Amino acid sequence: MISGLMRRWLWFWFEPTPPARLALSRALFYAGLLICYSWDDFSAWGGVSNEFWMPLPLFSALRLFPLQPSALDVLQAVWRIALALCSVGLFTRVSAIVAAVLGFYLLGLPHNFGQTFHVDALLVIAMTILAFSRAGDAYSIDALLARRARHHRPAASGEYTWPIRMIWLAMSLVFLAAGIAKLRWGGLAWITSDNMRIVLMRAVYHVSDADPWTDAGLRIAASPWLTHVLAGSTIMIELAFIASLFHPVARAVCVPAAFLLLVGIRALMGPRFAPFLVANVFWVPWDVLAGYALRLLAWKRRTVPSLLESPTSGTPLERGWPTASISTVPEDEHDASAEHRNDLDAPQKLVAKDFQLDISPLNRATHAPDFERH
Amino acid sequence: MNGAPDVSVVISTCNRCVSLAATLEALRRQITPGLDFEVIVVDNNSSDHTPEIVKQFQADERHLFRYIFERRQGVSYGRNAGIQASRAPIVAFTDDDNCADADWVARLKEALDRHPEAAAVGGRILPVWPATKPSWLDERHWSPLAILDYGERPFYTSVTDPRCLITANLAVRREVLRAIGGFAPDFPRSQDHELQIRLWRSGALVLYAPDLVVRAHIKPERLTRSYHRAWHAKHGYFMALLQLQEIIDRNGNLLDAPADGPRLYGSPGFVYRQLFREMKLWLVAILRRQPSDAFSHGNSVRYLVHYIRRRAALDRLGSAQRMRQVLTFVRAHFEKHSRPFGMPGTRLVSVHILIAILVGASAYDIVRGREHWPFSPYAMFSTAESEPRLDGLRLMGVTSETPAREIPLLEEDMIEPFDQARLPSALARMYQDPERRTLIRQALRDCLDRYENLRVTGHHSGPPLRALRLYQAHWALDPQGRNRDVPDAKWLLEEVDGPRIVPRGLR
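Since the model is a prediction, treat every value here as computed from it, not as a measurement.

1. A word on the overall build of chain B
Inference 1: When helices and strands are counted, chain B shows 15 helices and 15 strands.
Inference 2: Expressed as a percentage of contacts within chain B between residues at least 6 apart in sequence, the contacts between residues at least 24 apart total 74%.

Structural data, given as structure tokens:
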């Protein structure tokens, strides 16, 4: 049992996977952060009077303090550059470390002035995790340069799995903590009482960092059963979210549900969760989606070219398109492209390129008769 | 009896004169045609009637019963004294609570004569039960009773099959004992196992002869679970001295020495794995209501726990060395497991440290309800609200125009870098803290200066302010939120006036 559990545990964290998923997530995550924080000016915190300075335990322990606005201007510029470099994957490891360290300081700084928000805590954790990871091994300029120098692609490894899993865990713990806190401090009354109705009504009284998008919360508050459903769903999603770690079906249900929950909170209650939502990129199997996209692209390239090309622009084979395919081209244009498909070299090139058949002299004798019959 | 006997039977005894009498009686009744044997009773500091009992048997003229006194306490000392005193080329051992079958001496002599390649011969020890035998006591629980039965077929024990024979029924060639040096006094228990390990390592074969039988009278006090539990605990303790778990390889062969490799508190990783496996089986047996299995696995757990404890006690290291040992052990453990994942073990360790930090810090905050950004209990909106009202602080600006009017400071560009929630929260926290309350005027002054500064530099288009007021405000929540900008009641807490225009960023 112990060894079985151990095996499962290690497999969960270190299942060898190709670098694509982590790399694409990395690119999107840092790009998302860059977009989210492009308009935020952290330097203004350097100008707030000392009376407001109420440092967080970690800032206090590390003896961190707000720098002068000019210094913060420089830091945030460096941070944004680091985010951009992480996104494109140039000097990825160093950039990720810089992004994590400066991210911790800059994103944490506003919370030292009397009120702690949590919208960016997960991002700091995610950046720290990525700083330890090898997220730049694919879909990055670093990877391109390395491949040119060493002529090989990185093999599947657990190195590309654990950062994603750990960010999943961090996110799950956030939701779990929120669910537990509600049951612990509010109990079942959090669902069954007028609590949600009151919370929705209060939200329009400028109590959050931003006002709700809409007053729909007030209309929902008018319906007691709807507020109970809303409260129950909230706790259910928060507590069930951790199942996303272990089961793909739970992942397919809970992650979108939590995403919608946060969007719903933003819309009805005000708190801004946009940066938090960026961390959802790690739940998406980008490599699988990219595979689908490439296949779709390949399919389109097979079917659409005759639509797009003019008869004088060269044969499809010259443009790298296979010719023996089902065509959706209208009848009149079909005839025009048909001339190009009569190229005698076309079938062999198609077979060799598209179906990866071995056409070496030894094997040719076995393949040739079939090919000719077709 | 003039010359040297053929067999010397050594019995070490201590305060068991009653059972000793039965043992000696069984030896007196031995049928040994043409054989001479002597019985050496080693009195290991007995305070009962042992000498008198032996004296009774010394009257027998057929066999020689000798009495030796050994002051040093311990069965190894006793048996070694017996070996020292023995004169026969074969030294046989039995215990003071066992009775040999009538042909025991004859058979062991015959076995060693027929098998000159065998250095020793041992046989079965069969139980003589008292009136009742507990139902849980099956063959798996025989070891604590010193019962041994490996079946009807003879075989050799050796480095490739190191099954231990018990000294209650063992005969060894005297020359072999001389060569390997008797019983180890360091082992008040399991000394027979230790002796046989030396025998096997010297290349000797030990014959298991099933027709060589002694019978053990099982005492009622040995039929209790508590006796068995204690026996396994002690057995683990002494086996740790032998490092038994480490000198038998996975194919059951005896190794010359424990394999080198990382250890944790003196024991290699597989001992801990065995412990976990036994714990699992114990738990499963309990859940399946299989008491005999549960007892057996429970005893194995006890054995392994005491084994590990003893190894840890023997493994004396300084704290720095200990830390290095732990790190080496952990790294080696992860190195082994990291191979299938295409990662070095050190990476596995560092990732696990990260996981531990993440889970530990989150769990701490969840359990304690404390905030350690970036970790948090995420307790916002967690209390169940019951009153449809809102109490809070509200910052209002007093315009310079005449007549002056109050405007709520909610727009972010007016109170930059704060927002409408952060600023009242910060002010409320200052206001609630008696030590910081004195600072609130200065903080409001800062807000007013900042507002005017931002207005003058064109950051917002709000009206010029001549004062700033901090109110405690109260709202009765309106289902349509119509009173969201105008509190139902408010109390002035602080007011500052006369803004200073200062360059942006000046603190």
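2. Quick notes on the overall build of chain A
Inference 1: Within chain A, the secondary structure is distributed over 19 helices and 0 strands.
Inference 2: Put simply, chain A has 374 residues, and 40% of those count as buried.
Inference 3: Considering only contacts in chain A between residues 6 or more positions apart, those separated by 24 or more positions represent 72%.

3. Things to note about the sheet that holds strand 12 (residues 389-399) of chain B
All names here are of chain B.
Inference 1: Read across the open sheet, the 4 strands follow the order 13-12-14-15; overall the sheet is antiparallel. Edge strands, defined here as strands with exactly one partner in the open sheet, are strand 13 (406-408) and strand 15 (489-497). Adjacent strand axes in the sheet meet at a mean angle of 30° when their direction is disregarded.
Inference 2: The pairing of strand 14 (residues 465-476) with strand 15 spans 8 bridges and is antiparallel. Residue pairing across strands places Arg-469 opposite Glu-495, the latter belonging to strand 15.

4. Regarding the packing of helix 12 (residues 224-240) of chain A against helix 13 (residues 248-269) of chain A
All names here are of chain A.
Inference 1: For the pair helix 12 and helix 13, interaxial distance at closest approach is 10 Å and the crossing angle is 135°. Comparing the axis directions of helix 12 and helix 13 gives the class oblique. Relative to helix 13, helix 12 is oriented so that their crossing is left-handed. Here Thr-234, Ile-237 and Ala-240 of helix 12 lie close against helix 13, whose contacting residues are Cys-254, Ala-257, Ala-258 and Leu-261.
Inference 2: The class makeup of the residues in the contact of helix 12 with helix 13 is 6 nonpolar, 1 polar and no charged.

5. Some thoughts on the confidence of the model for chain B
All names here are of chain B.
Inference 1: Looking at chain B, the pLDDT average stands at 90 and 98% of residues meet or exceed 70.
Inference 2: Per-element mean pLDDT across chain B ranges from 85 in helix 11 (residues 319-338) up to 95 in strand 4 (residues 90-93).
Inference 3: This stretch, residues 503-507, has a pLDDT under 50; its non-local contacts, to residues over four places away or in other chains, come to 10 contacts.
Inference 4: Taken together, the chains of this predicted complex give a pTM of 0.66 and an interface ipTM of 0.80.

6. With respect to the environment of Gly122(B)
Residues and elements named next belong to chain B.
Inference 1: Within the element layout of this structure, Gly-122 appears in strand 6 (residues 118-128).
Inference 2: On the basis of neighbour count, Gly-122 is assigned to the buried category, with 31 C-beta atoms found within 10 Å.
Inference 3: Separated by 50 residues in the primary sequence, Gly-122 and Val-172 have C-alpha atoms spaced 8.6 Å apart.
Inference 4: Not counting the four nearest positions on each side in its chain, Gly-122 is found in contact with Leu-165, Asn-169, Leu-170, Val-206 and Tyr-208.

7. Digging into the packing of helix 8 (residues 162-186) of chain A against helix 12 of chain A
Residue and element names in this part refer to chain A.
Inference 1: Interhelical geometry of helix 8 versus helix 12 gives an angle of 135° and a closest axis separation of 7 Å. As judged from the angle between their axes, helix 8 and helix 12 are oblique. The crossing of helix 8 and helix 12 is left-handed. Contact residues: helix 8 offers Phe-175, Leu-176, Ala-178, Gly-179, Lys-182 and Leu-183, while helix 12 offers Ile-235, Glu-238 and Leu-239.
Inference 2: By residue class, the composition of the contact of helix 8 with helix 12 is 6 nonpolar, 1 polar and 2 charged.

8. Observations concerning the pairing of strand 2 (residues 37-43) of chain B
All names here are of chain B.
Inference 1: Among the 7 residues in strand 2, 7 count as buried, and that is most of the element.
Inference 2: Here strand 2 shows a buried face lined by Phe-37, Val-39, Val-41 and Asp-43 and a second buried face lined by Glu-38, Ile-40 and Val-42.
Inference 3: Of the pairings in the sheet, the one linking strand 1 (residues 7-13) to strand 2 comprises 7 bridges and is parallel in character. Paired with Ser-8 across the two strands is Glu-38, which belongs to strand 2.

9. Digging into helix 4 (residues 104-114) of chain B
Since there are 3.6 residues in each turn of an α-helix, residues three or four apart along the chain are aligned in direction.
Inference 1: Summarising burial for helix 4 of chain B: 8 of the 11 residues are buried, a large majority.
Inference 2: Considered for burial, the residues of helix 4 of chain B that qualify are Trp104(B), Val105(B), Ala106(B), Arg107(B), Leu108(B), Lys109(B), Ala111(B) and Leu112(B).

10. A few points about the interface of chain A and chain B
Inference 1: Contact with chain A, which involves 72 residues of that partner, is made by 55 residues of chain B.
Inference 2: For the side of chain A that touches chain B, the elements supplying multiple residues, two or more each, are helix 1 (2-14), helix 3 (57-61), helix 6 (121-132), helix 8, helix 9 (189-192), helix 10 (195-202) and helix 11 (216-221) of chain A.
Inference 3: The residue makeup of the side of chain A that touches chain B, split by class, is 46 nonpolar, 18 polar and 8 charged.

11. Overview of unusual backbone geometry
All names here are of chain B.
Inference 1: Here the residue pair Trp-373 and Pro-374 is connected by a cis peptide bond, since its omega of 10° sits within 30 degrees of zero.
Inference 2: Topologically, Pro-374 is positioned in the loop between helix 12 (345-368) and strand 12.
Inference 3: Between Thr-402 and Pro-403 the backbone carries a cis peptide bond, its omega angle lying at 0°.
Inference 4: Structurally, the position occupied by Pro-403 is in the loop between strand 12 and strand 13.
Inference 5: In this model, Asn-15 sits at a positive phi of 55°, which is unusual for a non-glycine residue.
Inference 6: Tracing the sequence through the fold places Asn-15 in the loop between strand 1 and helix 1 (17-28).
Inference 7: On the neighbour-count criterion, Asn-15 (15 C-beta atoms within 10 Å) is partly exposed.
Inference 8: Of note in this structure, Tyr-265 is not a glycine but carries a positive phi near 50°.
Inference 9: Examined against the element boundaries, Tyr-265 turns out to sit in the loop between strand 10 (263-264) and strand 11 (267-268).

12. A closer look at the nonpolar core
The nonpolar side chains of soluble globular proteins are, as a tendency, buried together.
Inference 1: Ala99(A), Leu122(A), Ala126(A), Ile167(A), Ala170(A) and Ala279(A) are the most contacted members of the largest nonpolar core, which totals 126 residues.
Inference 2: Top element by residues in this core is helix 8 of chain A. It accounts for 16 residues.
Inference 3: Excluding residues within four positions of it along the chain, Ala279(A) makes contact with Leu122(A), Leu123(A), Ala126(A), Ile167(A) and Met171(A).
Inference 4: One finds Val9(B), Ile83(B), Leu170(B) and Leu195(B) within the second-largest nonpolar core, a separate group that totals 60 residues.

13. What about the pairing of strand 6 of chain B?
All names here are of chain B.
Inference 1: Of all the 11 residues making up strand 6, 8 are buried; the element is thus mostly covered by neighbouring parts of the structure.
Inference 2: When strand 6 meets strand 9 (residues 205-217), the two strands line up parallel, connected through 9 bridges. Within strand 9, the position partnered with Pro-127 by the bridge is Ala-216.

14. Describing the confidence of the model for chain A
Inference 1: Confidence along chain A averages 83 in pLDDT terms, with 80% of residues attaining 70 or more.
Inference 2: Segment residues 310-374 of chain A is flagged for pLDDT under 50; beyond a separation of four residues in sequence, or across chains, it makes 49 contacts in the model.

15. Description of the environment of Pro16(A)
Inference 1: With respect to the helices and strands, Pro16(A) occurs in the loop between helix 1 and helix 2 (20-36).
Inference 2: Using a count of 16 C-beta atoms within 10 Å as the deciding quantity, one classes Pro16(A) as partly exposed.
Inference 3: Beyond its immediate sequence surroundings of up to four residues, Pro16(A) is in contact with Ala156(A), Ser157(A), Gly158(A), Phe341(B) and Gly342(B).

16. A few points about the environment of Phe29(A)
Residues and elements named next belong to chain A.
Inference 1: Its place among the elements puts Phe-29 in helix 2.
Inference 2: On the neighbour-count criterion, Phe-29 (25 C-beta atoms within 10 Å) is buried.
Inference 3: Note: C-alpha distance between Phe-29 and Ala-279 (250 residues apart in sequence) is 6.5 Å.
Inference 4: Residues contacting Phe-29, with those up to four places away along its chain left out, are Ala-126, Val-278, Val-281 and Phe-282.

Each value, and the rule that gives it
- Residues numbered from 1 in each chain as written.
- Chains lettered and ligands numbered in written order.
- Predicted model: local features only at pLDDT ≥ 70, side-chain atom pairs only at ≥ 80, totals over all residues.
- Helix = DSSP H or I, 4+ residues; strand = E, 2+ residues; numbered from the N terminus.
- Contact = placed C-beta atoms within 7 Å.
- Buried ≥ 20, exposed ≤ 12 C-beta atoms within 10 Å, placed from the backbone.
- Pairing = 2+ DSSP bridges.
- Axes fitted to C-alpha atoms, helices over the stretch in contact; angles between N-to-C directions.
- Parallel < 35°, antiparallel > 145°, perpendicular 65-115°, else oblique.
- Left-handed = near helix turned anticlockwise from the far one by under 90°.
- Nonpolar A, V, L, I, M, F, W, Y, C, P; charged D, E, K, R; others polar.
- pLDDT = per-residue confidence, 0-100.
- Core = buried A, V, L, I, M, F, W, Y, C linked by C-beta atoms within 7 Å.

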